[in-house]
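# Reading the structure
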Amino acid sequence: MKISPSLKKTSFSGYDARKIKSVYMQNSNAEPQQLVYQNMYDIGKREGFDVFIHSKGKVASNPVQLPEHGAGDYNYWAQDDKMFINTPDGVKILYPKLYYEGINDEPVDLAETQGIEAKETELVLEGGNIFLGKKDNGDNYLIVGSSTFDASSIYQFLKTKDIKNFDAKRLQSIICSNSYFLFPSSLHIREYHDSQEQWEEHTKELFCKEFDVKKENLHILFQPDFHLDMAIRPLEYPYILVNDEELVKKNLFELEKKFYCSDKFLNGIRKHLRQHEKNYVDSSIIKNQLEKMGFVPIMVSGALGNYKVNFMNAIVNKRNDGKLAYITNSAICDDKRYKFLQDKFEEDVSKACPQIDKFYYVQGAICDNNDNLMMRYLNELRGGIHCLCAEVPDFEEEC
């Protein structure tokens with residue numbers, strides 16, 4: 001399948017609730033991944049969008065059409081480091097060349113299979129840490145996680161310096177941990193801070209230009225998790241779901257009463273939550289930030305830190321009747337206690353967001369150790385179904 005162009009404003013993979021035309025995924029070597037492809041393919045058939053899977057040199061529109069696994073298949077995370085954008089010149093794939101140069105040509109290969117252009121950007125982009133949406137007046141808004149914005153700003157500065165063996169991925173991880181002294185050229189980082197305001201203004205201009213956003217609609221949000229899509233989920237403007245640590249603790253208390261949970265089970269989860277609270281910004285601060293930006297945050301119990309359960313990491317499809325379908329990670333496995341948390345999430349969100357009338361939970365397969373494939377990805381690889389997919393909005397519908 002190919003993506004047809006239209007003459008409208010920019011749109012891309014990490015976005016608010018839109019009508020989805022197709023979902024892009026990347027083929028990997030792992031055989032269990034095929035079950036996730038099949039889950040998404042089945043959901044796409046019900047919701048009316050296509051799923052296409054890119055493997056080296058081939059695009060399949062059905063999991064059974066995939067080539068045999070082998071070296072050279074792309075990794076899981078289709079969301080990261082590339083974005084489908086819609087410009088006056090047609091649909092393009094925007095990607096940061098610094099992340100791909102010398103590694104692989106995946107965005108360029110994908111663009112060639114679709115007959116569209118691959119467009120380089122000077123920004124440090126991570127699909128899971130950026131959300132593009134539309135306000136009621138039709139203007140775009142852009143929410144960028146602070147670590148991605150800082151990485152982009154520092155990179156603009158470092159480009160002016162002669163640094164050998166520049167490692168963009170390492171720069172990103174260093175910025176996330178605030179460990180600037182680990183960077184091989186920490187002297188340059190200190191020099192950057194002397195002119196930080198200048199470079200931040202330059203970076204804001206770049207974001208506004210690339211995504212057709214007015215400066216007042218560009219929002220830099222503190223990190224509630226390593227990527228925004230692990231802790232917030234924009235719906236239709238101005239509503240945004242936000243994971244609330246206090247509501248998570250409340251639901252764990254209810255779970256303890258219902259199932260008489262062992263200390264070992266609960267202490268394991270609470271250890272993850274404590275570590276998460278230590279590393280990231282509290283949800284009350286995120287709520288306050290979003291309100292000042294003009295959004296309406298809806299606080300929910302949607303994630304157990306960086307553990308097995310995360311319902312915030314989701315794809316949202318807007319149907320022709322205006323209702324929304326919410327596609328997220330399943331917590332169904334042999335241990336019924338996780339299903340209780342899934343049911344509580346759906347119950348709470350359904351009450352707060354009646355526009356969501358269908359929930360889908362992608363699980364892949366039930367695994368050993370009381371989890372399913374998506375729970376295992378969340379726990380071991382720190383990524384879920386939104387990370388595995390790049391949504392392509394129905395651009396023609398928006399014309």
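Structure: see above.
The paragraphs below set out a description of the structure included in this document.

Quick notes on the rules
Residues numbered from 1 in each chain as written. Predicted model: local features only at pLDDT ≥ 70, side-chain atom pairs only at ≥ 80, totals over all residues. Heavy atoms only, no water. Salt bridge = Lys/Arg side-chain N within 4 Å of Asp/Glu carboxyl O. Helix = DSSP H or I, 4+ residues; strand = E, 2+ residues; numbered from the N terminus. Buried < 20%, exposed > 50% of the residue type's maximum accessible area, 1.4 Å probe, protein only. Contact = heavy atoms within 4.5 Å. Polar contact = N/O pair within 3.5 Å; in protein donor to acceptor, adjacent residues only side chain to side chain. Core = buried A, V, L, I, M, F, W, Y, C linked by side-chain atoms within 4.5 Å. Axes fitted to C-alpha atoms, helices over the stretch in contact; angles between N-to-C directions. Parallel < 35°, antiparallel > 145°, perpendicular 65-115°, else oblique. Nonpolar A, V, L, I, M, F, W, Y, C, P; charged D, E, K, R; others polar.

In this structure the tally under the stated criterion is 20 salt bridges. Of the charged contacts in the structure, one is a salt bridge between E201 and K215, with a shortest N-O distance of 2.6 Å. Of this pair, E201 sits in helix α7 (residues 196–211) while K215 sits in the loop between α7 and β9 (218–221), and the two are 14 residues apart along the sequence. Overall, K215 belongs to the partly exposed group, its relative accessible area being 48%. Here the salt bridges share partners, and the residues they tie into one network are E47, R319 and D357.

Quick look at the environment of V144 now. Among the secondary structure elements, V144 is positioned in strand β8 (residues 140–145). Overall, V144 belongs to the buried group, its relative accessible area being 0%. For the pair V144 and E126, spaced 18 residues apart in sequence, the C-alpha separation works out to 9.4 Å. Dropping the residues within four chain positions of it, V144 is found in contact with N129, I130, F149, F207, L218, H219, I220, L221 and L228.

Before going further, it helps to spend a moment on helix α12 (residues 373–381). If you check which residues of α12 are buried, you get L373, M374, M375, Y377 and L378. Its side-chain oxygen 3.0 Å from the backbone nitrogen of M374, N372 forms the N-cap of α12.

A word on the nonpolar core. In this structure, L241, Y326 and F345 are the most contacted members of the largest nonpolar core, which totals 35 residues. Counting only elements with at least two residues in this core, the list comes to α8 (245–259), α9 (263–279), β12 (296–300), β14 (324–329), α11 (336–352) and β15 (356–362). Of the residues forming this core, the biggest block, five residues, is contributed by α11.

This paragraph deals with the packing of α8 against α9. Axis separation between α8 and α9 bottoms out at 12 Å; the angle between their running directions is 175°. On the basis of their axis angle, the class for α8 and α9 is roughly antiparallel. Across from E245, V248, K249, L252, L255 and E256 in α8, the residues of α9 making contact are F265, L266, I269, R270, L273 and E277. Grouping the amino acids of the contact of α8 with α9 by side-chain chemistry returns seven nonpolar, no polar and five charged.

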